[in-house]
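What follows is each chain in one-letter form.
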Amino acid sequence: MSYSSQAIAKPYFTVAITLFAVQVLFGLIIGMQYVAINIEGIMFDTARLIHTNLLIIWLLFGFMGASYYIVPEEAEQELYNPKLAIQSLWLFLALTIITVLGYLLLPYATFAKITGNQFFPTMGREYLEQPTIIKLGIFAVLCAFTYNISMTILHGRKTIINLLLLTGIAGSTIVFIFAFYNSSNLVVAKYYRWWLIHFWFEGTWELIMEAILAYIIFKVTGNREIVEKWLYIIVAVTLTTVILGIGHHYYWIGVPEYWQWIGTLFSVFELLPFFFMLLFVFNVVNCTKCHSSNKALKLWALSTPIMAFLGAGVLGFLHTLAPINYYSHGTQITSAHGHLAFYSTYVMIVLAIISYTMPILQNNINNRIVQKLEILAFWLMTVSMSFMVLFIAVAGIMQVYIQRATDLALPFIEIQNSMMILYWLRGAGGLVFFIGVIIYIIGFFYNRHLAVD
Amino acid sequence: MKILTKPKYIYYSSLIIFICLLLGLTIHTIIVLPERDHRDNLTPQIIQGKMVWEENNCIGCHTLLGEGAYFAPELGNIYKRRGGSHGGAYFIKAWLKAMPTNIPGRRQMPQFNLTDEELHALIAFLKWTSEINTSSWPPSEKG
């Protein structure tokens, strides 16, 4: 660690990892509800709200922690305003806790009433279920984050990694404005909702992910020039494909049919950034000598592009071609793709940067027990997630076939029972994943406990 | 620095070109959209119905035009599926009032205790939604 303000990453990562465990716990609760094991007082939609909302929130905590570590070092400059970074951590955490408690303890309609949704309706849309006032708070946190990062970079060295990270962060903050737009016309509301959701998950977050990956590869190989050259290609391909790639969300929501052609075409191209990331990591890591003795880090860093290529790239590509999406849209296949894509790109990159930074932040580089726990957790999580996705994808194919593709299509609810075996297997996968998270957490906090101050 | 100038040029120009393309397509979409979403039919009741839909987090279990959760059936075409002008409204109202069914082994929908005004608004919203031109999606009437 070269700058003291980099230590701000530590509380951010701690919060991120804690929320990760809660998120997966609620995922497990949802998985159990699929096999009719219910917990009294927790409705499916409540558990799902917490599962999806916490996913976004803990990944944001992870990105913030990563940025507060990377940016000062790259800029060769202390963080512009460390106090603001700590304050926004507390604000963001408070907002998160209020939101989760609101979901858990109140009926959603009551939560909407008491937060004044009727005056400025933005709630009740997928991923944007938070009360309007909470959304304002999140926007404030994002603005403070962007301000802090841009001022640090402005006063310091401007590397490609830093500028890319800033582009991703500023872009995420700007498109968040669309969280506040909810037309009374459903089609228009859906159209602009994607300007936030698509550009976050497939655009600005992808830029942040690429910057973090590049930073790790640079740290492992020590070769900035090669990393930057690859980064240019990857980013250029990302930017050219992602913007019109939004078309693959527009097939069936009421907008003109030409979006099917545009969406399909650019979905094919959206595979390219992941392909180049794969080439990049394996070319660069193979052709230079690795400095790092951190085995867990190597595992995360090398498998992120492989898994991202499969989960976000190939699976996304298959599912977003209009003729296939006509059948697969809004089924378990969507869920399968969503799970693997989020895990392989964003979860893995955040865990990779934590794997790199925590030993440095803790002054006990590469503790052997922590390494072993982390590697075990990696395998448990990655393998169980892959199987979970396989099971849900098979369930989705069955669902499409029985409910949509035959002449004697059966109603949704009638066929769910015939997929029960797959839901059980998926639930088992979820349980193994949760065990993986617990082992990861034990390693993480054991590492914190070991800290030499 | 020679290497940097050329990619930077590609970086910015591609960004601008594709943003302009997206804005152009959006303008065109917005112009032709009224024919497809039949917004002339939007009434205050339908708008209230959308609010009822959102404030009860219906997408927490259902999908609407394929977006939402996959735990309960697609509702974009529920009005038509349940009889359209011949009983669709009646069915949805009776269904919502009958929840939960308490049939063992079947997923349960909660009782939302909607007022008659809210129920009628929600039904009007679902009817309007079922009439959106969605390029003949879903593939089957079952959703």
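As the structure is a prediction and not an experimental result, all values here were calculated from the model.

Asks: Would you take a moment to explain the overall build of chain A for this structure?
Replies: Regarding its fold elements, chain A presents 16 helices and 0 strands. A globule of 453 residues ought to have a C-alpha radius of gyration of about 22 Å, and chain A, at 21 Å, matches this closely. Oriented by its inertia axes, the alpha-carbon framework of chain A measures out at about 65 × 50 × 45 Å. For chain A, the proportion of contacts with a sequence separation of at least 24, taken over those separated by at least 6, is 82%. For chain A, the accessible surface area stands at approximately 16100 Å², while carbon and sulfur atoms represent 73% of it.

Asks: What should I look at first to understand the interface of chain B and chain A in this one?
Replies: In many reports, interface size means the accessible area that the parts give up when they come together. Listed per partner, the contact involves 63 residues of chain B and 77 residues of chain A. Summed over both partners, the interface of chain B with chain A comes to about 6000 Å²; 65% of that surface belongs to carbon and sulfur atoms. Contact with chain A buries surface across chain B, with Glu55(B), Glu67(B) and Tyr70(B) losing the most and accounting together for 13% of the total. In this structure, the connection of chain B to chain A is made through 4 salt bridges. With a closest N to O distance of 3.0 Å, Lys190(A) and Glu67(B) form a salt bridge.

Asks: Would you explain the domain arrangement of chain B in this entry?
Replies: Residues and elements named next belong to chain B. Examined at the domain level, chain B breaks down into domain 1 (1–37) and domain 2 (39–143). A C-alpha centroid distance of 36 Å is found between domain 1 and domain 2. With 4 residues of domain 1 at the interface, the matching set in domain 2 holds 6 residues. In total, domain 1 and domain 2 occlude about 520 Å² of area from one another, counting both sides; carbon and sulfur atoms represent 34% of this. Three residues, Pro-34, Arg-36 and Asp-37, lead the burial of domain 1 against domain 2; their summed loss comes to 93% of the area buried on that side. Summed over the shared surface of domain 1 and domain 2, the result is 1 salt bridge. Taking the shortest distance from any N to any O, the salt bridge between Asp-37 and Arg-39 comes out at 3.0 Å. Linking domain 1 with domain 2 are 3 residue pairs in polar contact (both at pLDDT 80 or more). Of the residues assigned to the side of domain 1 that touches domain 2, the class counts are 2 nonpolar, no polar and 2 charged.

Asks: Hey, could you run me through the packing of aromatic side chains in this one?
Replies: For any two aromatic rings, the description comes down to two numbers: the centre-to-centre distance and the angle of the planes. Residue and element names in this part refer to chain A. Applying the stated criterion across every chain yields a total of 54 aromatic pairs over all chains. For the ring pair Phe-444 and Phe-445, a centre distance of 5.3 Å and an interplane angle of 80 degrees mean the geometry is edge-to-face. Relative accessible area serves as the criterion here: at 5%, Phe-444 is assigned to the buried category. Taken together, Phe-63, Phe-120, Tyr-127, Phe-139, Phe-176, Phe-180, Trp-200, Phe-201, Trp-205, Phe-342 and Tyr-346 form an aromatic cluster joined through their ring pairs. A cation over an aromatic ring shows up here: Arg-426 above the ring of Tyr-34, its NZ or CZ 4.6 Å from the ring centre.

Asks: So what exactly am I meant to see when it comes to unusual backbone geometry here?
Replies: With the exception of glycine, the majority of residues adopt a negative phi angle, and the majority of peptide bonds are in the trans configuration. Residue and element names in this part refer to chain B. The omega angle of the peptide bond from Met-99 to Pro-100 is -10 degrees, so this bond is cis rather than trans. Secondary-structure assignment places Pro-100 in the loop between helix H4 (88–98) and helix H5 (116–130). The peptide bond linking Trp-137 to Pro-138 adopts the cis configuration, its omega dihedral lying at -5 degrees. Residue position: Pro-138 is located in the segment after H5. Of note in this structure, Asn-113 is not a glycine but carries a positive phi near 50 degrees. Here Asn-113 is to be found in the loop between H4 and H5.

Cut-offs used in this document
Residues numbered from 1 in each chain as written. Chains lettered and ligands numbered in written order. Predicted model: local features only at pLDDT ≥ 70, side-chain atom pairs only at ≥ 80, totals over all residues. Heavy atoms only, no water. Helix = DSSP H or I, 4+ residues; strand = E, 2+ residues; numbered from the N terminus. Rg over C-alpha atoms; globule rule 2.2 N^0.38 Å. Contact = heavy atoms within 4.5 Å. Areas by Shrake-Rupley, 256 points an atom, 1.4 Å probe, with all protein chains shown as cover. Buried area = accessible area lost by both parts, 1.4 Å probe. Salt bridge = Lys/Arg side-chain N within 4 Å of Asp/Glu carboxyl O. Domains from an automatic or database assignment. Polar contact = N/O pair within 3.5 Å; in protein donor to acceptor, adjacent residues only side chain to side chain. Nonpolar A, V, L, I, M, F, W, Y, C, P; charged D, E, K, R; others polar. Phe/Tyr/Trp six-rings, centres within 6.5 Å; stacked < 30°, edge-to-face > 60°. Buried < 20%, exposed > 50% of the residue type's maximum accessible area, 1.4 Å probe, protein only. Lys NZ or Arg CZ within 6 Å of the ring centre and 35° of its normal.

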